Amino acid sequence: MEYTITVNNKTVVYRDKRQSILTCLEQANVEVDFHCRDGFCGACRIKLNQGQVNYPHGEPLAFVGEGEVLACCCRPTSNINITVE
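Residues numbered from 1 in each chain as written. Predicted model: local features only at pLDDT ≥ 70, side-chain atom pairs only at ≥ 80, totals over all residues. Heavy atoms only, no water.

Draft legend 1. Structural view of the nonpolar core. Ranked by internal contacts, the top residues of the largest apolar core, which has 27 residues, are Ile-5, Val-12, Ile-21, Leu-25, Val-32, Ile-46 and Ile-82. Examining the composition of this core, we find that 4 residues originate from one element, helix α1 (residues 21–27), more than from any other. In contact with Ile-5, other than residues within four places in its own chain, are Lys-10, Thr-11, Val-12, Tyr-14, Ile-21, Cys-24, Leu-25, Ile-80 and Ile-82. (Core = buried A, V, L, I, M, F, W, Y, C linked by side-chain atoms within 4.5 Å. Buried < 20%, exposed > 50% of the residue type's maximum accessible area, 1.4 Å probe, protein only. Helix = DSSP H or I, 4+ residues; strand = E, 2+ residues; numbered from the N terminus. Contact = heavy atoms within 4.5 Å.)

Below you can see the structure in the form of structure tokens.
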């Protein structure tokens, strides 16, 4: 399954269902702050404007506010629109 990630007026194609949103964005040269890749620190927090994601390894331990997701450990389950600050 292939999804699109719309981020800050750029569209990225998500093809590898095994990779995180963070890895997909990095490969597309979209800069996202991060310090880990396990959902502990919360530095890669992004705003999910539209669409659905899941956490295949369980919910992150870092605080995630309403409408936010951690790019390091989630994967899209639909086309998504996000904001990276």
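Draft legend 2. Molecular detail of the pattern of salt bridges. The final tally for this structure, using the stated rule, is 4 salt bridges. Among the ionic pairs, Glu-2 bridges to Arg-15, the shortest N-O distance being 3.0 Å. With a gap of 13 residues between them, Glu-2 in the segment before β1 (3–7) and Arg-15 in the loop between β2 (10–14) and α1 connect regions that are remote in the sequence. When its relative accessible area of 58% is taken as the criterion, Arg-15 is described as exposed. (Salt bridge = Lys/Arg side-chain N within 4 Å of Asp/Glu carboxyl O.)

Draft legend 3. Just the packing of aromatic side chains, in detail. All chains considered together, the criterion is met by 0 aromatic pairs. The side chain of Arg-37 reaches across the aromatic face of Phe-34, ending 4.6 Å from its centre. (Phe/Tyr/Trp six-rings, centres within 6.5 Å; stacked < 30°, edge-to-face > 60°. Lys NZ or Arg CZ within 6 Å of the ring centre and 35° of its normal.)

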